[in-house]
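Each chain, letter by letter, is given below.
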Amino acid sequence: MDRRIEEGSAVSSVSANAIAQLCISTYLDLPKLFHPAPRSNGTPQWCILAGIVLIQPGAISSTGSPSRNPDLMKCISLGTGTKCLPESKLPPNGDILHDSHAEVLARRGAIRWLYEEILRWTKNGERSDWVERGEKDEGELFRLKPGIQAHMYVSTLPCGDASTLLLSLAQDPAMAELKESSRATSLSSATDVKALVGRGRDDYSALGMLRTKPGRADSPPTISMSCSDKIASWTLLGLQGALLAQFMNPVYLDSLIFGDVEESLRPTVLEECKRAFVTRLRPDSELPRPFRRYEPQIAFTSVAFPYSRSQAENNPKTGAPPLSESESKSWIADSSLPAEVLVDGRKRGSSLKAKSTAFRSRISKAALFDLHLELKAGLVSGYSEDGTYFDVKQETSRYQDAKTQLRKDGGPLAGWIVSGPRWEAFTSAIYGQQGVS
């Protein structure tokens, strides 16, 4: 069932502010080492924060006011970051994160939280307030309980299509002219992509097109799609991804809430977000069940994130402008593992010479693969696995069919650059050799 986007309809400014405030307060409660600190020369640093929030029925009143019961709203994951690896440094074993932008880390953290929540129920017998087993006619897949909504907060507009126009308006005229003259070209080094995919911020006038990270022209090229594009794909395929789709129905976002958008610009930015997350994505045919077009509502918040770029000051001694933090951070609710500080897609302070399990993030492909196989071993009697990460992803045929339909020639995501077997042909470090028993 499609949903119309209307500013201020189901997601009022009050509820958007409440969701943003929950993410920000959860982040501020973390130890100070998770907050940006000035560099050694005194230059302040800033970061982008993203979070995924689940809310129960009754968490938001009919007037849009949040409930006083804190148990009705839960921030399940947070991420900060603005970095991603160039194609030349991508790992073959899934143990280093390709993309450490805040939105991507928050989504990967939400996936891990869902896995762990299901395991707490199925393995430990703990009652879940958020997840339940579906009916037999639904394949008994897990799902969010009826009435529970998922929301994403981001402290600024995502890179890519949603922010392209706003960036062009704020850009230095000389740089804007240079960017406009950089026409989109085919980025087909990793695949046989024929469709045009823009690189970063090149060609401002090409609105609605797929783009890769990063935005800076002097950075090495990547094959990571922009956050606008990734969020767009989640509105069609769900947050859960291919692996978890084996056990869980799609988890769709009910709203996208963005900070740092001036009041006077919100009508314009709303139209940009509608294009980025709705109108450019309408497929020419229905997706295979249980996937469908699920249009999130767009809302803006006036709650300031203290570590955002707009809040950061210049170096008090040199006057140098603030810089983006080089580290990325990941936090997951209810997890036995601590929050992580990440550098270049791996845990800070770890050595690449150590075993991969020592430096890999708990939200890396390899770590989530191990968690997936642990869940599968508990649900499928006598199950054993010697396939690769890529092979197991292909087992979710309905998910793959939906993804193929979206990425085919003429589809809304045509030209999407994928990593594929080249970087996903690895087996589980835990189960790959001995199987699952």
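Just so it is clear, the structure is predicted and the values come from calculations on it, not from any experiment.

**Focus: the overall build of the protein**
- Along the protein, the regular secondary structure elements total 12 helices and 16 strands.
- Within the protein, the proportion of its 437 residues that are buried is 57%.
- In the protein, the proportion of contacts linking residues at least 24 apart, taken out of those at least 6 apart, comes to 71%.
- Carbon and sulfur atoms provide 49% of the accessible area of the protein, an area that totals close to 19,400 Å².

**So, the confidence of the model for the protein**
- Averaged over every residue, the pLDDT of the protein is 85; the share at 70 or more is 84%.
- The model gives residues 1–9 a pLDDT under 50, and that stretch makes 20 contacts with residues more than four places away or in other chains.
- Below a pLDDT of 50 lies the segment residues 180–195, which in the model reaches 35 contacts outside its immediate sequence neighbourhood of four places, other chains included.

**Examining the pattern of salt bridges**
- Tallied over the entire structure, the rule returns 24 salt bridges.
- In this structure, E327 engages R348 in a salt bridge whose closest nitrogen and oxygen atoms are separated by 2.8 Å. Here the residue E327 occupies a position in the loop between β13 (323–324) and β14 (328–332), and R348 occupies one in the loop between β16 (346–347) and α8 (356–359), the gap between them amounting to 21 residues.
- The network of salt bridges with common partners includes D161, D229, E272, R275 and R280.

**Considering the pairing of strand β8 (residues 149–154)**
- Most of β8 sits out of view: 5 of its 6 residues are buried.
- Note: strand β2 (residues 49–55) against β8, 6 bridges, orientation antiparallel. Each bridged residue has a counterpart across the sheet, and for G51 the counterpart in β8 is Y153.
- By the bridge criterion, 5 bridges tie β8 to strand β11 (residues 253–258) in an arrangement that is parallel. Each bridged residue has a counterpart across the sheet, and for H151 the counterpart in β11 is S255.

**Remarks on the packing of aromatic side chains**
- Overall, the coordinates contain 10 aromatic pairs when judged by the stated rule.
- Aromatic rings pair up to connect Y27, F305 and Y307 into one cluster.

**Quick notes on the nonpolar core**
- Ranked by internal contacts, the top residues of the largest apolar core, which has 111 residues, are M248, F258 and F277.
- Of the residues forming this core, the biggest block, 10 residues, is contributed by helix α2 (residues 102–122).
- Aside from chain neighbours lying at most four places away, what touches F258 is V154, T156, L157, P158, C273, F277, I298, A299, F300 and T301.

**Things to note about the side chain of S428**
- With respect to the element layout, S428 can be found in the segment after α12 (421–424).
- Only 2.4 Å separates the side chain of S428 from the side chain of D370, close enough to count as a polar contact.

**Focus: the environment of E313**
- Within the fold, E313 resides in the loop between β12 (297–300) and β13.
- The class of E313 is exposed, set by a relative accessible area of 61%.
- Apart from the residues lying within four places of it in its own chain, the contact partners of E313 are P44 and P322.

Here is what the cut-offs are and how they apply
- Residues numbered from 1 in each chain as written.
- Predicted model: local features only at pLDDT ≥ 70, side-chain atom pairs only at ≥ 80, totals over all residues.
- Heavy atoms only, no water.
- Helix = DSSP H or I, 4+ residues; strand = E, 2+ residues; numbered from the N terminus.
- Buried < 20%, exposed > 50% of the residue type's maximum accessible area, 1.4 Å probe, protein only.
- Contact = heavy atoms within 4.5 Å.
- Areas by Shrake-Rupley, 256 points an atom, 1.4 Å probe, with all protein chains shown as cover.
- pLDDT = per-residue confidence, 0-100.
- Salt bridge = Lys/Arg side-chain N within 4 Å of Asp/Glu carboxyl O.
- Pairing = 2+ DSSP bridges.
- Phe/Tyr/Trp six-rings, centres within 6.5 Å; stacked < 30°, edge-to-face > 60°.
- Core = buried A, V, L, I, M, F, W, Y, C linked by side-chain atoms within 4.5 Å.
- Polar contact = N/O pair within 3.5 Å; in protein donor to acceptor, adjacent residues only side chain to side chain.

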